[in-house]
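# Residue-level structure breakdown
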Amino acid sequence: MRKFIIFAIFISIIALPVAARPKYSLNLGYSFWSLNLIKGLIEDAVGDELQTQLQDQIRGDFPEETLADYNQTINFDSSGGGLVIELRIYPSGENGSFSLGFSYARIDSNIELSGDFRQNFVSGDYITATADSKLVHKYSAFLLDLRWDLFPEGKIHPYFSIGGGLAPLNGTLTYSATGFAYIDKKKEKYNIEEETEELTDIEDITISIVPILLVNAGIRVELYEGMSVYADGGVWNGFLFRVGLSYAF
């Protein structure tokens, strides 16, 4: 990340002499975030964490039992979104195609898992239940990106960007379960009360800063002098679609 920042600043500096007066653009957009395009991979990754949390709870509830096989089916959904504020600098001025962007994003990502599980014990007893969990991460991210506009002199500007950033780990994992325990040939109700853990308190999560990869493409349409609307989409630690307003000065 540090090398990328140094490279971006270097490109910006060497381009400054080309223009007598750089152009700036202030952008405000709203983003829609999702991971549903890769839901299979996420079901495996987050499903493992859900299994860990449920089994830890079961061990505490049944200390006399030894865990055996565990099976679960998972249903996945994700959603999210938030605001992005961005300042762009076009070192080559009014008709320059290259720009350097500095942005702040406040985006909430929500991952929801539900499904059935069965935990067998070595004794032959077992538990079956329906589990629900929700992973929420609140991105408060600072990003830097490089953008190239096509047809910068026209009213319509297709563009593509590449960049990255960092955000502190800030979120929660919530889980609960409702079902039955079959112990000594007796059927009893078994519930795991809703528990919420901070992501920073989960032992398997060893990072405190979340890196962000940004790759997107979009289009900007000038409405009148200085004012434009834009829409873009691409990779943003998931998939992000954004619409917004842009003012150039």
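This text goes with the structure placed above it.
In this report, we go over the structure that sits alongside the text. (Residues numbered from 1 in each chain as written. Predicted model: local features only at pLDDT ≥ 70, side-chain atom pairs only at ≥ 80, totals over all residues. Heavy atoms only, no water.)

### Regarding the overall build of the protein chain
Helix and strand content of the protein chain: two helices and 11 strands. The order of α-helices and β-strands along the protein chain, N terminus first, is α-β-α-β-β-β-β-β-β-β-β-β-β. Against the 2.2 N^0.38 benchmark of 18 Å for 249 residues, the protein chain shows a C-alpha radius of gyration of 24 Å, more extended than a compact globule. The principal-axis extents of the C-alpha atoms in the protein chain amount to approximately 85 × 35 × 20 Å. Considering the protein chain as a whole, with its 249 residues, one finds that 43% of them fall into the buried category. (Helix = DSSP H or I, 4+ residues; strand = E, 2+ residues; numbered from the N terminus. Rg over C-alpha atoms; globule rule 2.2 N^0.38 Å. Buried < 20%, exposed > 50% of the residue type's maximum accessible area, 1.4 Å probe, protein only.)

### Topic: the nonpolar core
Formed by 39 residues in total, the largest nonpolar core has its most connected members in Leu54, Ile58, Phe62, Ile107, Phe117, Ile127 and Trp236. If near-sequence neighbours (up to four positions away) are discounted, Ile58 is found in contact with Leu67, Phe117, Gln119, Phe121, Ile127 and Tyr190. (Core = buried A, V, L, I, M, F, W, Y, C linked by side-chain atoms within 4.5 Å. Contact = heavy atoms within 4.5 Å.)

### Some remarks on the environment of Gly40
Looking at the secondary structure, you find Gly40 in helix H2 (residues 39–61). Exposure remark for Gly40: the relative accessible area of 36% places this residue in the partly exposed category. For the pair Gly40 and Pro91, spaced 51 residues apart in sequence, the C-alpha separation works out to 43 Å.

### Quick notes on unusual backbone geometry
We note that Asp184 has phi near 55°; this positive angle belongs to a residue other than glycine. With respect to the secondary-structure elements, Asp184 resides in the loop between strand S7 (171–183) and strand S8 (186–198). The backbone phi angle of Asn237 is positive, close to 45°, even though this residue is not glycine. Note on placement: Asn237 falls in the loop between strand S10 (227–236) and strand S11 (239–248).

### Details of the environment of Gln55
Looking at where Gln55 falls in the secondary structure, it is placed in helix H2. In this structure the C-alpha to C-alpha distance between Gln55 and Gln119, which are 64 residues apart in sequence, comes to 8.1 Å. Among all residues touching Gln55, those that are not within four sequence positions of it are Leu67, Tyr70 and Gln119.

### Observations concerning the pattern of salt bridges
For the structure on display, the rule yields 10 salt bridges. Among the ionic pairs, Glu86 bridges to Arg88, the shortest N-O distance being 2.7 Å. Look at Arg88 and you get buried, because its relative accessible area is 0%. The salt bridge involving Arg147 is made with Glu86; its shortest N-O contact spans 3.9 Å. Residue Arg147 is located in strand S5 (residues 126–149), and its partner Glu86 is located in strand S3 (residues 75–90); the two are separated by 61 residues in the primary sequence. Here the residues in one salt-bridge network are Glu86, Arg88, Asp145 and Arg147, joined through shared partners. (Salt bridge = Lys/Arg side-chain N within 4 Å of Asp/Glu carboxyl O.)

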